Amino acid sequence: MNGKKVAVLGATGLVGREMLHTLAERDFPVSELISLASPRSAGKKIIYRGEELTVRAVAEDSFKGVDIALFSAGGKTSRQWAPAAAASGAVVIDNSSAWRMDSDVPLVVPEINAEDIAMAKNKGIIANPNCSTIQAVVVLYPLHQAASLRYVNISTYQSVAGTGVAALKSLREGARAAIDGGEYKDEVYPHNIAFNLLPHIGAFDEEGISEEEWKMVNESRKIMHIPDLRVSGITVRVPIFRCHGESVTAQFERPISPDEARGILSKAPGVVVRDDPANAEYPLPIEVAGKDDVRVGRIRRDTGLDNALAMWIVGDNLRKGAALNAVQIAEKLL
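The following paragraphs examine the structure supplied in this document. (Residues numbered from 1 in each chain as written. Predicted model: local features only at pLDDT ≥ 70, side-chain atom pairs only at ≥ 80, totals over all residues. Heavy atoms only, no water.)

## Structural notes on the pairing of strand 9 (residues 149–158)
When you tally the buried positions in strand 9, you get seven out of ten residues, the bulk of the element. When strand 9 meets strand 11 (residues 244–252), the two strands line up antiparallel, connected through eight bridges. Residue pairing for strand 11: L149 is matched across the bridge by F252. (Buried < 20%, exposed > 50% of the residue type's maximum accessible area, 1.4 Å probe, protein only. Helix = DSSP H or I, 4+ residues; strand = E, 2+ residues; numbered from the N terminus. Pairing = 2+ DSSP bridges.)

This is how it looks when you write it as structure tokens:
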């Protein structure tokens, strides 16, 4: 297979570094790798396949000859540079929220809607979904195929890795200060995250619904092609370093038993069922960190809705929630 010239914009960030690691780990055919970032990160050194690369500042000529460009540098940067990269002939796989709801841009989870990648010819851009959305739909879609999903309620428990490197430092130093009885002023979140829970991810609208909560609503509908799907819930930042947990209630058109759901999910791509609560076996962030699969457990009959199941889902937000999903899309492009 011929190698591809690949650019990674945001190469010094948590997701950018995970993209480099994932490309190498999955032996993606790279003939040349271009590491890009903002001017303030230019000159930094990163390692790819044991080789030290110098990070370049993104510029107009950065994407010349590039086949695939993986972006993880925020929405403003993506809006500026994705069209430029596409105009240079690259296919952009963008991890920000900038293009997700653009009707001409596919929003892709390869296990669900890989065929939508063909839409990339419209703008040369493919959107990588929100991390929490990805791990939810990977589990929900196989159940939808069996019993027709009608309504989903999701409460998220999202790690600080979703905010970036500074948030990891904030949790670490805030926890140390709290244990030592000292003072700490969190400069990343509106309140200290250490030993705390923040029901605040993204800006709130006039109804008090957060940006992250709207992502869960709109992206789920687009990825699974269920435009009338009812989605509700709350998104919460929790004081763990990596991996997101989700408490999910899903209602279907027809009855579906927990045993049937376990059977379906045990065969679903990218999903691992870990469900023996009597023996304290269920998905844990500390065990899922660094893993590619999304894990589901505590699958049970919902006690409040007809034809409904409740479950607990855990995924690594830097892996399947970001870097791995992007690289899987790139693999489909091959």
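## A short note on the sheet that holds strand 7 (residues 91–94)
Taken in spatial order, the six strands make up an open sheet running 5-2-1-6-7-8, and their pairing is parallel. Edge positions in the sheet fall to strand 5 (56–57) and strand 8 (125–127), since each of these pairs with one other strand and no more. Pairing of strand 1 (residues 4–9) with strand 2 (residues 30–37), which is carried by six bridges, proceeds in the parallel orientation. Residue pairing in the sheet places V6 in a bridge with L33 of strand 2. Lying on the sheet, helix 1 (residues 14–25) is in contact with strand 1, strand 2 and strand 6 (68–71); it crosses strand 1 at an angle near 155°. Together, strand 6, strand 7 and strand 8 form the strand contacts of helix 9 (residues 319–333), whose direction differs from that of strand 7 by roughly 155°. (Contact = heavy atoms within 4.5 Å. Axes fitted to C-alpha atoms, helices over the stretch in contact; angles between N-to-C directions.)

## Comments concerning the side chain of S62
Within the fold, S62 resides in the loop between strand 5 and strand 6. At 2.7 Å, the side chain of S62 forms a polar contact with the backbone nitrogen of A59. Discounting residues that sit within four places of it in the chain, S62 has contacts with I34, L36 and A57. (Polar contact = N/O pair within 3.5 Å; in protein donor to acceptor, adjacent residues only side chain to side chain.)

## Description of the pattern of salt bridges
Scanning all chains against the criterion turns up 18 salt bridges. Note that E111 and K320 form a salt bridge whose closest N and O atoms lie 2.9 Å from each other. Taken together, the residues E111 in helix 3 (residues 110–113) and K320 in helix 9 connect sequence positions 209 residues apart. Classification of E111 as partly exposed rests on a relative accessible area of 24%. The closest approach of N and O atoms between E253 and R150, which form a salt bridge, is 4.0 Å. Remark: R150 occurs in strand 9 and E253 occurs in the loop between strand 11 and helix 7 (258–266); sequence separation between them is 103 residues. (Salt bridge = Lys/Arg side-chain N within 4 Å of Asp/Glu carboxyl O.)

## Description of the environment of A178
With respect to the secondary-structure elements, A178 resides in helix 5 (residues 165–179). As for A178 and F195, which are separated by 17 residues in sequence, their C-alpha atoms are 8.3 Å apart.

## Observations concerning unusual backbone geometry
At H225, a residue that is not glycine, the phi angle is positive and equals roughly 60°. Here H225 shows up in the loop between helix 6 (211–224) and strand 10 (230–237). Of note, the phi angle at N307 is positive, near 50°, even though the residue is not glycine. By the secondary structure assignment, N307 is in the loop between strand 13 (294–301) and strand 14 (308–315). Given the relative accessible area of 26%, N307 is considered partly exposed.

## Focus: the environment of G245
Of note, G245 is situated in strand 11. With 40 residues separating them in the primary sequence, G245 and D205 have C-alpha atoms 24 Å apart. Not counting chain neighbours up to four residues away, the residues in contact with G245 comprise Q135, S155, T156, Y157, W312, I313 and V314.

## Side note on the nonpolar core
Grouped together as the largest cluster of nonpolar side chains are 55 residues, with contacts concentrated most on F63, F71, L149 and M311. If you tally residues by element for this core, the top one is helix 4 (residues 131–147), at nine residues. Counting 38 residues, the second largest nonpolar core, distinct from the first, contains L23, Y48, L168 and A175. (Core = buried A, V, L, I, M, F, W, Y, C linked by side-chain atoms within 4.5 Å.)

## Some words on the environment of L309
For L309, the position within the fold is in strand 14. For the pair L309 and V248, spaced 61 residues apart in sequence, the C-alpha separation works out to 8.2 Å. Contact partners of L309, with chain neighbours within four places excluded, come to V248, T249, A250, F252, I256, S257, P258, A261, R300, R301 and D302.

## A closer look at the sheet that holds strand 13
Taken together, the six strands give an open sheet; going across it, the order is 10-9-11-14-13-12, and neighbouring strands pair in mixed fashion. The outermost strands of the open sheet, each flanked by one partner alone, are strand 10 and strand 12 (271–273). Along the sheet, successive strands turn relative to each other by an average axial angle of 20°, direction set aside. Across the sheet, helix 6 touches strand 9, strand 10 and strand 11, and the angle it forms with strand 10 is around 135°. Contacting strand 12, strand 13 and strand 14, helix 7 crosses the sheet at an angle of about 165° to strand 13.

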